[in-house]
Amino acid sequence: MRRTLRQAFYYLLAIAVVIGLWWGVSWLLETVRGREILPSPGVTFVAAVENIGTLASAFGTSALRFLISLAVAFLLGLPLGLAVGFEPKLDRYLSPLIYLLYPMPPVALLLFLYLAFGLGEVVRLVVVVMALFFQVVVAAQGAAKYIVPSHVTAVRAAGATRGQVYRHVVLPATLPSVLTAARVSVGLGITMLYIAETKLGVLLGPGAGLGRFIEYYTFRGDISLAGVVGLALLGLLFYVVLELLERVLCRWKFVGARGGT
Amino acid sequence: MIEVDGLTVVYGRGEASVPAVAGLSMDVDTYELVSVVGPSGCGKSTLLFVLDGLLKPTAGRVRVHGEEVRGVRRDVALILQDAGLLPWKTVRQNAELALRLQGRKESADKVLADLGLAGFEKRFPSELSEGMKRRVGIARALALQPRVMLMDEPTANLDSITREHIQNLLLGLWWEMGFTGVLVTHDMEEAVFLGKRIFVLSARPARVVEVIENPGMGEPGYRGTPEFAAQVAHLRGVLGGNGA
């Protein structure tokens, strides 16, 4: 409990520092250029409050979109990554393919994605899923390659089936690395979400996602910036959720040596 | 009863093949506890993996209780070198792992309590001392109530006090539960303390070069007797002459 409170305090401190820096830059730019360039935190806050309905709707839509993309990327990427990393045969055949496709930015394929999935919601999700999918695959593959052999022997010696080896060893052994990788890719995922919502949502209203919100209010700097703050908070939310998930699912990682005889 | 007849195990194929065991034969009577010693890397663990059904022999026959070993058997338990505990499972989950994998519902609580691990059921392996970890590994095997117990260097890398403690524990369990046991070790004193007969293996590829009868074995006090010291000295001589 104390640990959680301390963690929360550090997050609040970080937010205070960011607001302080933001305010400083905003003031500096205004002083040097003689007019408002970057709306100050106060002005942005007022703009956010005035448009809270739309902003909340945009935030909710983006959060849901990101959550679905993350879940789909995990459901598809985790089994594939684990199997490729753990089965030497699959590793030989599929790894080159993965490494070839991994660095390809889905945005570069937008035209084909439009044609394949149309202009609706699906294509926006596909872009984000594609970006996160390879992150999950590569992380799971890397972790599954270095599973301690004696852990596998331990379950095989008791007569474990292949499925049981995955359930009792491969999955739990790799979960911490995979969740860390997922946390690292939140930044990339949010960027892809922004692109998907701006490039693939020109006909939508400002409540249809934070990307669209920012784009819609391009000429109202204060409101637009409120959307950017929303995007940062969205990233923070998922970062924290993934960290909490790791603490619950990988509890063994967080216990120290207590000794004994 | 364990019967091994002309066991040969070759790893790999073609030019890259490495023979680990070559024409090894040995018999272990029911309720007998034997130890197997040999130079490091000679194929001792390979022999245990074959007895457990984890590895298929390249040639030769292995029978447990008169039946050919064709895979992991429910009445055979294997204690691994470093206990083989899964760090993400609690003490209880680790002790019940083999039971659950075999679809059995029994609890390991009594075995854990017998091994002095009561109160630690919810701890993770990282919270235990080395000696406790080994005891959890032993508990996992005992929970199966096996007729055959295979032990792969169960006291390797332990300090001498903990090692003797685990050795006494294994001896007591053998008396109490009456299993047929094969103990692989590179510790000569352990081999003499826990083996009614001691099978000395050659350097790789392994085969039996000598079987030492050790009738005095069976009591914790054996360790302090001149007979024990003489057997250890004899074993040392055999292994030394064998190029270990």
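Owing to the predicted nature of the structure, the values given are computational and were not obtained by experimental measurement.

Student: Please clarify how the overall build of chain A should be interpreted in this entry.
Tutor: Looking only at helices and strands, chain A features 11 helices and zero strands. Out of the 261 residues belonging to chain A, those deemed buried represent 34%.

Student: Explain the overall build of chain B to me, please; I cannot follow it from the model alone.
Tutor: For chain B, the count of helices and strands is eight helices and 10 strands. Its C-alpha atoms give chain B a radius of gyration of 18 Å, within 12% of the compact-globule value 18 Å for 244 residues. Judged by the C-alpha coordinates and their principal axes, chain B covers about 50 × 45 × 30 Å. In chain B, buried positions account for 43% of the 244 residues. At a minimum sequence separation of 6, the contacts of chain B that also span at least 24 residues come to 68%.

Student: Explain the sheet that holds strand 1 (residues 2–11) of chain B here, please?
Tutor: Sheet strands associate in pairs through backbone hydrogen bonding, adopting either a parallel or an antiparallel arrangement. All names here are of chain B. Taking strand neighbours across the sheet as the criterion, the four strands line up as 2-1-4-5 in an open arrangement whose pairing is antiparallel. Edge positions in the sheet fall to strand 2 (18–28) and strand 5 (67–68), since each of these pairs with one other strand and no more. Two strands pair when backbone bridges link them, and strand 1 and strand 4 (residues 59–64) are joined in this way by five bridges, in the antiparallel orientation. Bridge pairing in strand 4 links Thr 8 to Ala 59.

Student: How should the interface of chain A and chain B be read in this particular structure?
Tutor: Often, the extent of an interface is quoted as the loss of accessible area on bringing the components together. The partner chain B presents 21 residues to the 21 residues of chain A that form the contact. Considering only residue class, the side of chain A that touches chain B consists of 10 nonpolar, nine polar and two charged.

Student: Sorry, what's going on with the pairing of strand 4 of chain B here?
Tutor: Residue and element names in this part refer to chain B. With two bridges connecting them, strand 4 and strand 5 associate as antiparallel partners. In the strand pairing of strand 5, Val 64 is matched with Glu 67. Here strand 4 folds back onto strand 5, and the loop between the two strands holds two residues, one of which, His 65, carries a positive phi near 50 degrees.

Student: Where do I start with helix 7 (residues 149–156) of chain A in this structure?
Tutor: Since there are 3.6 residues in each turn of an α-helix, residues three or four apart along the chain are aligned in direction. Buried within helix 7 of chain A we find His 151, Thr 153, Ala 154, Val 155 and Arg 156 of chain A. Of the surrounding elements, those touching the buried residues of helix 7 of chain A are helix 8 (162–184) of chain A together with helix 3 (97–101) of chain B.

Student: How should helix 3 (residues 52–86) of chain A be read in this particular structure?
Tutor: The end-to-end C-alpha separation of helix 3 of chain A is 49 Å, in line with the 51 Å expected for 35 residues at 1.5 Å each. Taken as a whole, helix 3 of chain A carries its principal kink of about 30 degrees at Gly 77 of chain A; the proline Pro 79 of chain A stands between one and four residues after it.

Student: Any chance you could explain the sheet that holds strand 7 (residues 148–152) of chain B here in plain terms?
Tutor: Residue and element names in this part refer to chain B. Strand order across the open sheet formed by six strands is 6-7-8-3-9-10, with mixed pairing between neighbours. Of all strands in the sheet, those with a lone pairing partner are strand 6 (76–79) and strand 10 (208–213), marking the two edges. Adjacent strand axes in the sheet meet at a mean angle of 15 degrees, parallel and antiparallel pairs treated alike. Where helix 5 (residues 130–143) meets the sheet, its contacts fall on strand 6 and strand 7, and the angle it forms with strand 6 comes to roughly 175 degrees.

Student: I'm lost on the pairing of strand 10 of chain B in this one. Help?
Tutor: Sheet faces and side chains relate simply in a regular strand, where the side chains alternate between the two faces. All names here are of chain B. As paired elements, strand 9 (residues 197–201) and strand 10 share five bridges and run antiparallel to each other. Across the sheet, the residue bridging to Ile 198 is Ile 212, located in strand 10. Taking the residues between adjacent antiparallel strands as the criterion, strand 9 and strand 10 are bridged by six residues.

Student: Explanation requested: the packing of helix 3 of chain A against helix 11 (residues 221–249) of chain A in the structure shown.
Tutor: Packed helices, taken two at a time, are described by the angle their axes make and the gap between the axes. All names here are of chain A. Interaxial distance between helix 3 and helix 11 falls to 10 Å at its minimum, and their mutual angle equals 35 degrees. Crossing of helix 3 against helix 11: the hand is right-handed. Contacts from Leu 55, Ala 58, Phe 59, Ser 62, Ala 63 and Phe 66 in helix 3 reach Ala 226, Gly 227, Gly 230, Leu 234 and Phe 238 in helix 11. Of the residues contributing to the contact of helix 3 with helix 11, the split by class is eight nonpolar, three polar and no charged.

Student: Which parts of the structure should I look at to understand the environment of Leu 233 of chain A?
Tutor: Note on placement: Leu 233 of chain A falls in helix 11. For the pair formed by Leu 233 of chain A and Ile 15 of chain A, sequence separation is 218 residues and the distance between their alpha carbons is 9.9 Å.

Student: I tried to follow the confidence of the model for chain B on my own but got confused; where do I start?
Tutor: Detailed reading of the predicted model is not advised wherever pLDDT is low. Across chain B, the average pLDDT comes to 90, with 98% of residues at 70 or higher. Complex prediction metrics read pTM 0.84 and ipTM 0.86.

Student: For this particular structure, what's the right way to read the nonpolar core?
Tutor: A general tendency of soluble globular proteins is for nonpolar side chains to be buried together. Judged by nonpolar contacts, the single largest core of 134 residues is most densely connected at Val 128 and Val 136 of chain A together with Ala 139, Leu 150 and Val 182 of chain B. The dominant element in this core, judged by the number of residues it contributes, is helix 6 (residues 121–145) of chain A, at 16 residues. With residues near it in sequence (within four places) discarded, Ala 139 of chain B still touches Ala 95, Ala 108, Val 111, Leu 112, Leu 115 and Leu 117 of chain B.

Student: Got a minute to help me understand the confidence of the model for chain A in this structure?
Tutor: Mean pLDDT over chain A: 88, with 97% of residues reaching 70 or higher. Here helix 5 (residues 110–117) of chain A is the element of chain A with the lowest mean pLDDT, 84, and helix 3 of chain A is the one with the highest, 93.

Cut-offs used in this document
What you see as residue numbers is a count from 1 along each chain, following the sequence as written. Just so you know, chain letters begin at A and ligand numbers begin at 1, following the order they were written in. Only residues with pLDDT of 70 or above have their local features reported here, since the model is predicted, and side-chain atom pairs are shown and tallied only from 80 upward, although totals for entire chains, interfaces and linings are computed over all residues. Secondary structure elements follow DSSP: runs of H or I no shorter than four residues count as helices, runs of E no shorter than two count as strands, and numbering proceeds from the N terminus. Between the buried cut of 20 or more and the exposed cut of 12 or fewer other C-beta atoms within 10 Å of a residue's own C-beta lies the partly exposed class, and all C-beta atoms are placed from the backbone. Computation of the radius of gyration draws on C-alpha atoms, with the globule rule given as 2.2 Å multiplied by the number of residues to the power 0.38. Think of it this way: build a C-beta for each residue from its backbone, and any pair within 7 Å is a contact. Strand pairing is defined by DSSP finding a minimum of two bridges between the two strands. Residues are grouped as follows: Ala, Val, Leu, Ile, Met, Phe, Trp, Tyr, Cys and Pro are nonpolar; Asp, Glu, Lys and Arg are charged; every other residue, Gly included, is polar. Multiplying one less than the number of residues by 1.5 Å gives the expected span of a helix. Given a residue, its bend is the angle between the two axes fitted to the seven residues that end at it and to the seven that start from it. For helices, the axis comes from a line fit to the C-alpha atoms of the stretch in contact; other axes are also lines fit to C-alpha atoms, and the angle between any two N-to-C directions lies between 0 and 180 degrees. Crossings are classed by handedness, with left-handed meaning an anticlockwise turn of the near helix from the far one by less than a right angle and right-handed meaning a clockwise turn. As a per-residue measure, pLDDT reflects the predictor's confidence and takes values from 0 up to 100. When buried Ala, Val, Leu, Ile, Met, Phe, Trp, Tyr and Cys residues are joined through C-beta atoms within 7 Å, the set is termed a nonpolar core.

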